[in-house]
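These are the residues of each chain, in order.
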Amino acid sequence: GLGTPKDLAAQASAGGPPLARLKVNSHIHLPPNFSAFQTVAQAIELSAAQGVRVLGVSNYYDYDVYGDFVDGARQAGIFPLFGLEIICLIDELVKQGVKINDPGNPGKMYICGKGITRFAPFNAEATRLLGIIRRNDSQRMREVVVKLAEVFAQRGLPVPLTEDDVIDMVAKRHGCPRQRIYLQERHVCQAFQEAIFANVPVAERIEKLTRAFGLTAPPKFGPEEAVKIQNEIRAQLMKAGKPAYVAETFVNFEQAHQLILELGGIPAYPTVADGASPICPFEQPVEHLIANIKARGFQCAEFIPNRNQPEVLSEYVRAMRAAGLVVTAGTEHNTLDLLPIEPVCMKAAPVPVEVQEIFWEGACVVAAHQFLTLHGECGFVDAQGKPNPAYPNVTARIAAFKRSEERRVGKECRSRWS
């Protein structure tokens, strides 16, 4: 009922005043990924209540929950964007000791895919690549659970959990099928913290946790501060050099990039900027970052603004947009902190208005890419990740995608509101 790509292109070409910018969040994680949200419905309800009308999900490694998401979003008058997140390793940068967008691990890069559409069924290459990622990740998390249980037992705090126990906890918490669950470190930390709370009296917890963490002085949290204890389990026992650490096995950059293209998406570089202190060498100065990501074929970048000071966010976003990159933003919501849905900067400072406009433009480009690829046409990038050949000028391409899509997004949201 919204028209064909040809219809929308004609409407955009006819001109007229631009529609008012909608509130947008292009990146959250939904359960059973580790998430602030208990359910998909909660994420949608909060978004609607807070006036966020364009919402993007970027889960790790399983996407069955996207069916629930799109059904709920459409009923609530929220336009859904589909994405994903992958971790890869770039060997040459590991050897050079270059930190990219993970401030703790040289050579480790997070990559996002925006405007994903080819979920059902996966093609053969996407199936193969996802199989590698899922097997590597599941094996590592299985070993982490075993080692963590061993460390706690050796240090006088037996917590006999297994991988199945942790999966059961996640399934119960979110009311989801077990086969959708791919464990993350935070899931494991939460399961062990909850088991400790269930079996150790409040008065004994600090003493036992101090010993279990190998600390010489009591940690700076209370015996009932669940989230802080989860974070401490991760920091003191599971990180590199700690007793329950298990080395991560990642796909390489080319495999991660190819998976996004196989699923019909736009590869996007998640930028940390001053969310790391100091800023990672790969990302500083912004001109160096732009050259680095363009050299790897990125046409899009993304921010989680609550990591950034407004001045730094403005500097990076404006420079990237001037260099012809599409820019989006989100909140992740990948901890238990139930933050506002609309992105804000560090210490809840508002995102500058000019930057909000760029993020809105980016969301429109992603939505247009989804729409075109679902109709069998070339989106913002083609199947090789190259710019749409119909728009050799990147400024014209971004403008054309924004004009057509802001009308469709607005039309769909208004029809749902009414």
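Analysis parameters
- Residues numbered from 1 in each chain as written.
- Predicted model: local features only at pLDDT ≥ 70, side-chain atom pairs only at ≥ 80, totals over all residues.
- Heavy atoms only, no water.
- Helix = DSSP H or I, 4+ residues; strand = E, 2+ residues; numbered from the N terminus.
- Buried < 20%, exposed > 50% of the residue type's maximum accessible area, 1.4 Å probe, protein only.
- Core = buried A, V, L, I, M, F, W, Y, C linked by side-chain atoms within 4.5 Å.
- Contact = heavy atoms within 4.5 Å.
- Pairing = 2+ DSSP bridges.
- Right-handed = clockwise from strand over helix to strand, strands pointing away.
- Phe/Tyr/Trp six-rings, centres within 6.5 Å; stacked < 30°, edge-to-face > 60°.
- Lys NZ or Arg CZ within 6 Å of the ring centre and 35° of its normal.
- Salt bridge = Lys/Arg side-chain N within 4 Å of Asp/Glu carboxyl O.

A. Structural context of the environment of Phe282. As for its placement among the helices and strands, Phe282 is situated in the loop between strand E6 (266-271) and helix H11 (286-295). What makes Phe282 buried here is its relative accessible area of 5%. C-alpha separation for the pair Phe282 and Ala198, spaced 84 residues apart in sequence, amounts to 44 Å.

B. Inspection of the environment of Ala291 at higher detail. If you trace the backbone, Ala291 turns up in helix H11. Classification of Ala291 by relative accessible area gives partly exposed; the value is 47%. As a C-alpha pair, Ala291 and Ala323 span 32 residues in sequence and 9.5 Å in three-dimensional space.

C. The arrangement of the nonpolar core in detail. If you look at the biggest cluster of nonpolar residues, it comprises 65 residues, and the most contacted ones within it are Phe69, Ile86, Met109, Phe282, Met320 and Phe359. Contacts of Phe69, omitting those with residues within four sequence positions, involve Leu30, Val40, Ile44, Leu55, Val57, Pro80, Leu81 and Phe82. Ranked by size, the runner-up nonpolar core spans 35 residues in total, among them Val159, Cys189, Phe221 and Ile233.

D. Fine view of the pairing of strand E7 (residues 300-303). Burial of the side chains of E7 extends over both faces: Cys300 and Glu302 are buried on one face and Ala301 and Phe303 on the other. One ladder, built from 4 bridges, connects E6 with E7; its direction is parallel. Looking at the pairing, Pro270 lines up with Glu302 of E7. The sheet contact formed by E7 and strand E8 (residues 326-329) spans 4 bridges and is parallel. Bridged to Cys300 within E8 is Val326. The parallel pair E7 and E8 is bridged by helix H12 (residues 310-322), and the resulting crossover is right-handed.

E. Region of interest: the environment of Ile206. Relative to the elements of secondary structure, Ile206 occurs in helix H8 (residues 202-212). Judged by relative accessible area, Ile206 falls into the partly exposed class, the value being 21%. With 17 residues separating them along the chain, Ile206 and Pro223 place their C-alpha atoms 5.8 Å apart. For Ile206, the residues in contact, after removing those within four places along its chain, are Pro218, Pro219, Phe221, Gly222 and Pro223.

F. The arrangement of the packing of aromatic side chains in detail. On inspection of all chains with the given rule, the structure shows 12 aromatic pairs. Between Tyr63 and Tyr66 the ring centres are 5.6 Å apart and the planes differ by 55°, which places this aromatic pair in the tilted class. In this structure, Tyr63 and Tyr66 share a single accessibility class: buried. Here the aromatic residues Tyr63, Tyr66, Phe69, Phe82, Phe119 and Phe122 are joined through ring pairs into a cluster of three or more. Over the aromatic face of Phe253 sits the side chain of Arg296, whose NZ or CZ is 5.2 Å from the ring centroid.

G. Seen up close, the pattern of salt bridges. Per the stated rule, a full pass over the model turns up 19 salt bridges. The shortest N-O distance in the salt bridge between Arg211 and Glu207 comes to 4.0 Å. In this pair, Arg211 and Glu207 are both assigned in helix H8, 4 residues apart and thus about one turn of the helix distant. A relative accessible area of 40% places Arg211 in the partly exposed class. A residue is classified by how much of its surface remains accessible, and Glu207, at 55% relative accessible area, is exposed. One network of salt bridges, with partners in common, ties together Asp102, Lys108 and Glu248.

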